[in-house]
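Working through the structure, step by step
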Amino acid sequence: DAGVTQSPTHLIKTRGQQVTLRCSPKSGHDTVSWYQQALGQGPQFIFQYYEEEERQRGNFPDRFSGHQFPNYSSELNVNALLLGDSALYLCASSQLNFDSPLHFGNGTRLTVT
Amino acid sequence: QQPVQSPQAVILREGEDAVINCSSSKALYSVHWYRQKHGEAPVFLMILLKGGEQKGHDKISASFNEKKQQSSLYLTASQLSYSGTYFCGTEYNYGQNFVFGPGTRLSVLP
């Protein structure tokens, strides 16, 4: 049973560029959440997708957007990259309405230069 | 609002016990505990639900004090594999997103 998979694992971008990160949830999960984790800190909630709609959003600017596809996979897009966007981006899947724990992928390490 | 975790870091010898605390200033619906090893994804350990229902495994247990809005994670007879950073994730209402604490770094030495 495949867990949560994310791609790519590492990415280097230049300020002002745009990036797309991808996530495939664990089998049987219908909800995908994205987190940003700076070095030495806890994961910060970006947004959550369920039934192809953004269900909840954290305190992140509109430069951060996402999408969920009919097969429950998801993308995170970040426009106009800033140096401060450098972080580990974690995708977590779960089942809505079942007190379900989050299953995390190994993350995408984004470096903005 | 981010929960507070204490201690920030702890160093143990193999076989010793540890307690990690997670406190919230807001009423909680649930608390989840995760462990993250360096360079790896956070891994789910335990969920504590409002009303006292507890889940867990092995030599790791936890409590949830609704009066204090505090959860404590208990690691007994620690093993080398317990090393990592422990995060609590708090859920203020059912179905709401998790807010993670800053983490507690646990190092278990032989």
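Each chain has its residues counted from 1, running along the sequence as written. Each chain gets a letter, beginning with A, and each ligand a number, beginning with 1, in the order they are written. In keeping with the model being predicted, local features are shown solely for residues with a pLDDT of at least 70 and side-chain atom pairs are shown and tallied solely at 80 or more, while totals for entire chains, interfaces and linings include all residues. Excluding hydrogens and water, the side-chain figures rest on all heavy atoms present in the structure.

Residue and element names in this part refer to chain A. Should a side-chain nitrogen of Lys or Arg be within 4 Å of a carboxyl oxygen of Asp or Glu, the pair is scored as a salt bridge. Applying the stated criterion to the full structure yields three salt bridges over all chains. Between E54 and R57 there is a salt bridge, with its nearest N and O atoms 3.1 Å apart. Using a 1.4 Å probe on the protein chains alone, a residue whose accessible area is under 20% of its type maximum counts as buried, one over 50% counts as exposed, and one in between counts as partly exposed. Judged by its relative accessible area of 35%, E54 falls in the partly exposed class. Its salt-bridge partner being D85, residue R63 comes within 2.9 Å of it at the nearest N-O pair.

Time to look at the state of the cysteines. Throughout, a disulfide means two cysteine sulfur atoms within 2.5 Å of one another. Under the defined criterion, the tally for this structure stands at two disulfides over all chains. A disulfide bridge connects C23(A) with C91(A), and the sulfur atoms are separated by 1.8 Å. Disulfide C23(A)-C91(A): torsion about the S-S bond near -60°, hence left-handed. Of this pair, C23(A) sits in strand β3 (residues 19-24) while C91(A) is found in strand β9 (residues 87-94), placing the two residues 68 residues apart along the sequence. Across this residue pair, the class does not change: C23(A) and C91(A) are buried. Residue C22(B) pairs covalently with C88(B) via a disulfide, S to S 2.1 Å. The S-S bond linking C22(B) to C88(B) shows a torsion near 70°; that makes this disulfide right-handed. Of the two residues, C22(B) is situated in strand β3 (residues 18-23) and C88(B) in strand β8 (residues 84-91); the sequence distance between them amounts to 66 residues. Like C22(B), the residue C88(B) is buried in the burial classification. Here a strand is any run of E in DSSP of at least two residues, a helix any run of H or I of at least four, and the numbering for each starts at the N terminus.

Once that is clear, we can look at the side chain of Q68(A). Residues and elements named next belong to chain A. Along the chain, Q68 turns up in strand β7 (residues 64-68). Polar contacts involving the side chain of Q68 include one to the main-chain carbonyl oxygen of Y72, which spans 3.2 Å. Contact criterion: two residues are considered in contact whenever any of their non-hydrogen atoms come within 4.5 Å of each other. Ignoring sequence-local partners within four residues, the contact set of Q68 consists of D30, V32, Y49, Y50, E51, E52, S73 and S74. Side-chain atoms alone can form a polar contact between residues adjacent in sequence; in general such a contact is a pair of N or O atoms within 3.5 Å, and within protein one must be able to donate a hydrogen while the other accepts it.

What follows covers the side chain of H29(A). All names here are of chain A. Take H29: it is sitting in the loop between β3 and β4 (31-37). Classification of H29 as buried rests on a relative accessible area of 6%. Engagement of the side chain of H29 in a polar contact is seen with the side chain of S93, the distance being 2.7 Å. Those residues within four positions of H29 in sequence are excluded, and the remaining contacts are Y72, S93, S94, Q95 and H103.

Taken residue by residue, the interface counts 19 residues in chain B and 21 residues in chain A. Accessible area that two parts lose when put together, evaluated with a 1.4 Å probe and summed over both, is termed the buried area. Taking both partners together, chain B and chain A bury about 1600 Å²; carbon and sulfur atoms supply 53% of that area. Taken as a group, Y94(B), N97(B) and F100(B) account for 29% of the area that chain B buries against chain A, more than any other trio of residues on that side. The interface formed by chain B and chain A holds zero salt bridges in total. For the pair chain B and chain A, the interface holds three residue pairs in polar contact (both at pLDDT 80 or more).

Our focus in this paragraph is the nonpolar core. Core analysis: the largest hydrophobic core is formed by 22 residues, its most contacted members being W33(B), M46(B), L73(B), L75(B), Y86(B) and L106(B). Residues in contact with L75(B), not counting those within four places in the same chain, are E16(B), D17(B), A18(B), I20(B), K59(B), I60(B), Y82(B), Y86(B) and L106(B). As used in this record, nonpolar core signifies buried Ala, Val, Leu, Ile, Met, Phe, Trp, Tyr and Cys residues forming a set joined through side-chain atoms within 4.5 Å. The next biggest cluster of nonpolar side chains, apart from the first, holds 20 residues, and it includes L11(A), V19(A), F64(A) and L76(A).

Turning our attention to unusual backbone geometry. With omega at -10°, the peptide bond leading from S7(A) into P8(A) counts as cis. By the secondary structure assignment, P8(A) is in the loop between β1 (5-7) and β2 (10-13). Residue P7(B) is reached from S6(B) by a cis peptide bond, and omega for that bond is -5°. A positive phi is found at E52(A), a non-glycine position, where the angle reads about 65°. Within the secondary structure, E52(A) sits in the loop between β5 (44-50) and β6 (53-57). For Q69(B), which is not glycine, the phi torsion reads 55° and is therefore positive. Mapped onto the fold, Q69(B) is located in the loop between β6 (60-65) and β7 (70-75). What makes Q69(B) buried here is its relative accessible area of 15%.

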